[in-house]
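The lines below spell out each chain.
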Amino acid sequence: MTETSSHPHGDRESVPSVSRDKAADPNDFRRLYHRPPDAFIVRGDQVEGRTVAGLGPGKVMYLEADSAGRHTSKPVPKEECGATASIVRSGPHPTEHLAPHQVHAAADLVEDLPRSVDDELAKDPPLARFVMERIEQAGHHVWLVGGWVRDVVMHGARARPKDLDMTGTMMSDELKAEADRTLVDIGLGDLYTMTSKNFVYSVAPALDKPRLLEYKTVQVDGLGFPAYGGDLLDDVVCRDLTINSLYYDHRHRIIIDPSGSGIDHARARPCRLATPFRTADPARQAAIVMRFLKFRMRLEVSDASEFERWARELPEDMAARIPEEAWPQLHGLWRRCVPRDHRSRAFEEGTLLGPAVAGLMDVLKRRST
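Source: prediction; values computed, not measured.

J.: How do you make sense of the overall build of the protein chain when you look at a structure like this?
T.: Along the backbone of the protein chain there are 13 helices and 17 strands. Out of the 369 residues in the protein chain, the part that is buried amounts to 53%. Considering only intrachain contacts with a sequence separation of at least 6, the fraction spanning at least 24 residues in the protein chain is 68%. Just so you have it, the protein chain exposes about 17,600 Å², and 49% of that area is on carbon and sulfur atoms.

Encoded structure:
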């Protein structure tokens, strides 16, 4: 629903600019992400003697599984709001488990990258700048991730983003509540519309193809349901392709490549398509295949050999394992990823990826008729 505001749009100068540090030394990156004593809770922290396995929306935390594999959910302790609780912050900061070769000074890769981002954030209306400001003011970390970082690494600072994707350590529902209130207060509430349950905003009104800003909290995998509060190595194995798994920290002007392959794959000629995804959920595996086919159709030339090796290791009955309730969402994703006039070729490409994907293509064909 689009918010409305009585404030004049001319009041936008009240949106503060995000202060930027000088370019950080990539060899000293862990210092940039240390966890203070009152840091937000993450996976691996100890609460009342139990280990946090992940976080959920609405300030809920999931504790380590019992012998039957069940996770207990509890509210985040009130210590987060200044009271006392037994919390030991033993979990990692976002980059704790990275190796130095996975962190790069942005200007070493793309000379004009920091300035290009400054120019992008200066554009009016300033939603992206506002979101980054709010996250950092709250003591959290935020990175640009996905298509824009990929395109800049592939093509240089001349790349122009259509959408901006972000990930960070602040929970999406917390950021959304803050954004909804403040956008109205500063006279921007009627320029943005919320487009899904996730933190996804589009610029309004009346653009044929509105620009989107999407924010997702750093993910944790392996719990059997969506969870958050991990580090960047947790997050990267939830992503579709290595070329889409590059994280740009504009505050410190560094690019993080947690898969260790994203930069090389993006700069290879032809570009290499591979996935860091490692989850056994069949519906999510099918979604990764569809995302792969989107880029296979989009890029005139690409090397898909690494993705094919991953696809051939999928269970042959992957499509049969997908629960019925997941198919409507997968059909929607298929339509968004592969335009109608490319589907015949996409079906052909899919059948070359081994029996699991061939079976998935079969089911998609049957269900599409």
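J.: Quick question: what am I supposed to make of unusual backbone geometry here?
T.: Phi is mostly negative for residues that are not glycine, and the peptide bonds are mostly trans. Cis geometry is adopted by the peptide bond preceding Pro-270, which originates at Arg-269 and carries an omega value of 5 degrees. Locating Pro-270 in the fold gives a position in the loop between helix H7 (262–267) and strand S16 (271–272). Of note, Glu-48 is a non-glycine position whose phi angle comes to about 50 degrees, a positive value. Inspection of the secondary structure puts Glu-48 in the loop between strand S1 (46–47) and strand S2 (50–56).

J.: Hey, could you run me through the packing of helix H8 (residues 282–298) against helix H13 (residues 355–368) in this one?
T.: Geometrically, a packed helix pair is captured by the angle between its two axes and the distance between the axes. For the pair H8 and H13, interaxial distance at closest approach is 11 Å and the crossing angle is 85 degrees. One finds that H8 runs roughly perpendicular with respect to H13. Where H8 abuts H13, its residues Ala-286, Val-289, Met-290 and Leu-293 lie against Val-357, Leu-360, Met-361 and Leu-364. Its residues placed into classes, the contact of H8 with H13 shows eight nonpolar, no polar and no charged.

J.: I tried to follow the packing of helix H3 (residues 127–137) against helix H5 (residues 172–185) on my own but got confused; where do I start?
T.: With their axes 11 Å apart at the nearest point, H3 and H5 run at an angle of 125 degrees to one another. Looking at the two axes, H3 sits oblique to H5. Helix-helix and strand crossings are classified by hand; for H3 and H5 the assignment is right-handed. Each of Leu-127, Phe-130, Val-131, Arg-134 and Ile-135 in H3 lies in contact with H5, whose residues at this interface are Leu-175, Glu-178, Ala-179, Thr-182 and Leu-183.

J.: How should the pattern of salt bridges be read in this particular structure?
T.: For side chains of opposite charge, pairing can occur when their charged atoms come near one another. The full count for this structure, using the stated rule, is 18 salt bridges. Where Lys-74 meets Glu-48, a salt bridge forms, and the shortest distance between an N and an O atom there is 3.1 Å. Of this pair, Lys-74 sits in strand S4 (residues 72–75) while Glu-48 sits in the loop between S1 and S2, placing them 26 residues apart in sequence. For Lys-74, a relative accessible area of 30% puts it in the partly exposed group. Residue Arg-321 is joined to Asp-317 by a salt bridge in which the shortest nitrogen-to-oxygen separation is 3.0 Å. For Asp-317, a relative accessible area of 36% translates into the label partly exposed. Connected through salt bridges with shared partners, the residues Arg-43, Asp-231 and Asp-234 form a single ionic network.

J.: How should I be thinking about the packing of aromatic side chains in this particular structure?
T.: What describes a pair of aromatic rings is the distance from one ring centre to the other and the angle between the planes of the rings. Enumeration over the complete set of coordinates arrives at five aromatic pairs. Among the aromatic residues, those joined into a cluster by ring pairs are Phe-292, Phe-307 and Trp-310.

J.: What should I look at first to understand the nonpolar core in this one?
T.: A general trend in soluble globular proteins is that nonpolar side chains are found buried together. Leu-113, Met-166, Val-289, Phe-307, Trp-334, Leu-360 and Met-361 are the most contacted members of the largest nonpolar core, which totals 75 residues. Per-element tally for this core: the top contributor is H8, with ten residues. When residues no more than four places from it in sequence are discounted, the contact partners of Leu-113 are Ala-106, Trp-148, Val-152, Ala-157, Tyr-248 and Ile-255. Within the second largest apolar cluster, 13 residues are counted, among which are Leu-32, Val-103, Trp-143 and Tyr-247.

J.: Can you walk me through helix H9 (residues 305–312) in this structure?
T.: Among the residues making up H9, those that are buried are Phe-307, Trp-310 and Ala-311. Looking down the long axis of H9, one finds its buried residues gathered within 100 degrees of arc, a one-sided arrangement. Buried residues along H9 sit against H8 and H13.

J.: Can you walk me through the side chain of Asp-257 in this structure?
T.: The residue Asp-257 is located in the loop between strand S15 (254–256) and H7 in this model. Buried and unpaired, Asp-257 has no salt bridge, with Arg-272 as the nearest side chain of opposite charge at 9.7 Å. Setting aside anything within four residues of it in sequence, one finds Asp-257 in contact with Gln-102, Ser-245, Leu-246, Gly-262 and Ile-263.

J.: What am I meant to see in the environment of Ala-356 here?
T.: Inspection of the secondary structure assignment puts Ala-356 in helix H13. As for Ala-356 and Leu-314, which are separated by 42 residues in sequence, their C-alpha atoms are 5.9 Å apart.

J.: Explain the pairing of strand S3 (residues 60–63) here, please?
T.: In regular strands, side chains alternate between the two faces of the sheet. Relative to S3, S2 runs antiparallel, the two sharing four bridges. Bridge pairing in S3 links Gly-56 to Val-60. Where S2 folds back on S3, the antiparallel hairpin that results is connected by three residues, among which Gly-58 adopts a positive phi of roughly 75 degrees. As paired elements, S3 and S4 share four bridges and run antiparallel to each other. Bridge pairing in S4 links Val-60 to Pro-75.

Rules used throughout
- Residues numbered from 1 in each chain as written.
- Predicted model: local features only at pLDDT ≥ 70, side-chain atom pairs only at ≥ 80, totals over all residues.
- Heavy atoms only, no water.
- Helix = DSSP H or I, 4+ residues; strand = E, 2+ residues; numbered from the N terminus.
- Buried < 20%, exposed > 50% of the residue type's maximum accessible area, 1.4 Å probe, protein only.
- Contact = heavy atoms within 4.5 Å.
- Areas by Shrake-Rupley, 256 points an atom, 1.4 Å probe, with all protein chains shown as cover.
- Axes fitted to C-alpha atoms, helices over the stretch in contact; angles between N-to-C directions.
- Parallel < 35°, antiparallel > 145°, perpendicular 65-115°, else oblique.
- Nonpolar A, V, L, I, M, F, W, Y, C, P; charged D, E, K, R; others polar.
- Left-handed = near helix turned anticlockwise from the far one by under 90°.
- Salt bridge = Lys/Arg side-chain N within 4 Å of Asp/Glu carboxyl O.
- Phe/Tyr/Trp six-rings, centres within 6.5 Å; stacked < 30°, edge-to-face > 60°.
- Core = buried A, V, L, I, M, F, W, Y, C linked by side-chain atoms within 4.5 Å.
- Arc of directions from axis to C-beta.
- Lys, Arg positive; Asp, Glu negative; His and termini not counted.
- Pairing = 2+ DSSP bridges.

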